[in-house]
Amino acid sequence: MSFATTHYDFTDPAQAYADLARDLAALLGAERDLVANLANAAALLYHALPDLNWAGFYLPAIGATGARELIVGPFQGRPACVRIAIGRGVCGAAAVRRETIVVPDVAAFDDHIACDAASRSEIVVPLLRPDRAGDAALAGVLDLDSPKLARFGDADRAGLERIANIIVGACEWPG
Ligand code: SME
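Residues numbered from 1 in each chain as written. Predicted model: local features only at pLDDT ≥ 70, side-chain atom pairs only at ≥ 80, totals over all residues. Heavy atoms only, no water.

1. A closer look at the state of the cysteines
Cut-off, in case you're wondering: The criterion for a disulfide is a pair of cysteine sulfur atoms lying within 2.5 Å. Strands are runs of DSSP state E lasting at least 2 residues, helices are runs of H or I lasting at least 4, and numbering of each runs from the N terminus. We call a residue buried when its accessible area falls under 20% of the maximum for its residue type, exposed when it is over 50%, and partly exposed in between, using a 1.4 Å probe and counting protein chains only.
Counted according to the given criterion, the structure contains one disulfide. Paired through a disulfide, cysteine 81 and cysteine 115 show a sulfur-sulfur distance of 2.1 Å. Negative torsions about the S-S bond denote left-handed disulfides, and the value of about -125° found for cysteine 81 with cysteine 115 makes this one left-handed. Here cysteine 81 is found in the loop between strand E2 (68-77) and strand E3 (83-85), whereas its partner cysteine 115 is found in the loop between strand E4 (101-103) and strand E5 (121-130), with 34 residues between them in sequence. The partly exposed category is assigned to cysteine 115, whose relative accessible area is 34%. Free cysteine: cysteine 91, not disulfide-bonded; nearest cysteine sulfur from cysteine 115 at 7.7 Å. A relative accessible area of 4% places cysteine 91 in the buried class.

Shown next as structure tokens:
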């Protein structure tokens, strides 16, 4: 199967995301390596979804001062900001809230961090996995940026949360 040439028809977003979820699961297969799976997931999403200029992951890290932050992981698009403090930007806010954030106009989001001036709208989906106590631990965030205003809607939120679950389940996470 050639994932690079698959066309997804987003005139029916629910069907397109269902197809994409199926193909992502097949692409990751039995592989558990975190970097390999995040890299292939970023590439699949970047090429499958129309009107994106960035698709990738930020992962939890500890900064020089010992503070918790996010560090850029596998992605497609222009080179990105490396470290983002937890709570800062859309990624940091989604990490704190542990919920998906859709930003229709990044210029109207006070704390938006502009890595690529072309970005106009954004969606950030937290990757959550159960810790030993059974609580939801933050494994990372999935960040998609678009040069189009209001690119992401409810179908994207639902579809990408499903995609995020597949990614969480497919990978061996540190810690
Ligand atoms: N815009 C993001 C930063 C990450 S980049 O866009 C890749 C934010 O505000 O969190």
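There's plenty left to go through after this.
2. Thoughts on unusual backbone geometry
At aspartate 51, a residue that is not glycine, the phi angle is positive and equals roughly 60°. If you trace the backbone, aspartate 51 turns up in the loop between helix H2 (34-48) and strand E1 (54-62).

3. Let's talk about the pattern of salt bridges
The condition is simple: A side-chain nitrogen of Lys or Arg and a carboxyl oxygen of Asp or Glu constitute a salt bridge if their distance falls within 4 Å.
In total, this model carries eight salt bridges according to the counting rule given. Measuring nitrogen to oxygen at the nearest pair gives 3.0 Å for the salt bridge that ties arginine 22 to aspartate 23. One salt bridge connects glutamate 69 with arginine 83, and the closest N-O pair in it is separated by 2.5 Å. Pair noted here: glutamate 69 is in strand E2 and arginine 83 is in strand E3, with a separation of 14 residues, a long-range link.

4. Notes on the packing of H2 against helix H4 (residues 154-170)
Spelled out, the test is: In this analysis an axis means a line fitted to C-alpha atoms, helices contributing only their contacting stretch, and an angle means the value between N-to-C directions, from 0 to 180 degrees. Should an angle lie under 35 degrees it is considered roughly parallel, over 145 roughly antiparallel, and from 65 to 115 roughly perpendicular; all remaining angles are considered oblique. Should the near helix be turned anticlockwise from the far one by less than a right angle, the crossing is left-handed, and should it be turned clockwise, the crossing is right-handed. Contact criterion: two residues are considered in contact whenever any of their non-hydrogen atoms come within 4.5 Å of each other. Residues are grouped as follows: nonpolar covers Ala, Val, Leu, Ile, Met, Phe, Trp, Tyr, Cys and Pro; charged covers Asp, Glu, Lys and Arg; every other residue, Gly included, is treated as polar.
Put simply, H2 and H4 touch, their axes get as near as 10 Å, and they point 160° apart. Here H2 is positioned roughly antiparallel relative to H4, judged by the angle of their axes. The interaxial crossing formed by H2 with H4 has right-handed handedness. Within the contact between the two elements, H2 uses Asn37, Leu38, Ala41 and Leu45 and H4 uses Leu160, Ile163, Ile167 and Ala170. Looking at side-chain class alone, the contact of H2 with H4 contains seven nonpolar, one polar and no charged residues.

5. What about the site of the ligand?
Using the following cut-off: Only a single heavy atom is needed: when it lies within 4 Å of a molecule or strand, its residue is near that molecule or strand. Here a polar contact is taken to be a pair of N or O atoms separated by no more than 3.5 Å, where protein atoms must pair a possible hydrogen donor with a possible acceptor and residues adjacent in sequence count only if both atoms sit in side chains. Per-residue and other accessible areas were derived by the Shrake-Rupley procedure at a 1.4 Å probe size, with only the shown protein chains allowed to occlude residues.
Close to the ligand lie Trp54, Tyr58, Ile84, Gly89, Val90, Cys91, His112, Ile113, Cys115, Glu122, Asp143 and Asp145, which account for all nearby residues. Aspartate 145 is positioned such that a nitrogen or oxygen atom in its side chain is 2.7 Å from an oxygen atom of the ligand. Relative to its free-state accessible area of 310 Å², the ligand is covered by the protein chains to the extent of 100%. Looking at the shell around the ligand, the elements with two or more residues in it are E1, helix H3 (89-97) and strand E6 (136-146).

6. Focus on the sheet that holds E5
The strands making up a sheet associate through backbone hydrogen bonding, with each pair oriented either parallel or antiparallel. Short version of the rule: DSSP-based pairing: two strands are paired if at least 2 bridges between them are found.
Within the open sheet, the six strands sit side by side as E3-E2-E1-E6-E5-E4. Their pairing is antiparallel. Edge positions in the open sheet fall to E3 and E4, since each of these has one partner strand only. Here the average twist between neighbouring strands, direction ignored, is 25°. Pairing of E2 with E3 involves three bridges; the strand directions are antiparallel. By the bridge assignment, leucine 70 is partnered in E3 with isoleucine 84. Across the sheet, H3 lies against E1, E2, E3, E4, E5 and E6, angled at about 35° from E5, the strand it touches most. Contacting E1, E4, E5 and E6, H4 crosses the sheet at an angle of about 40° to E5.

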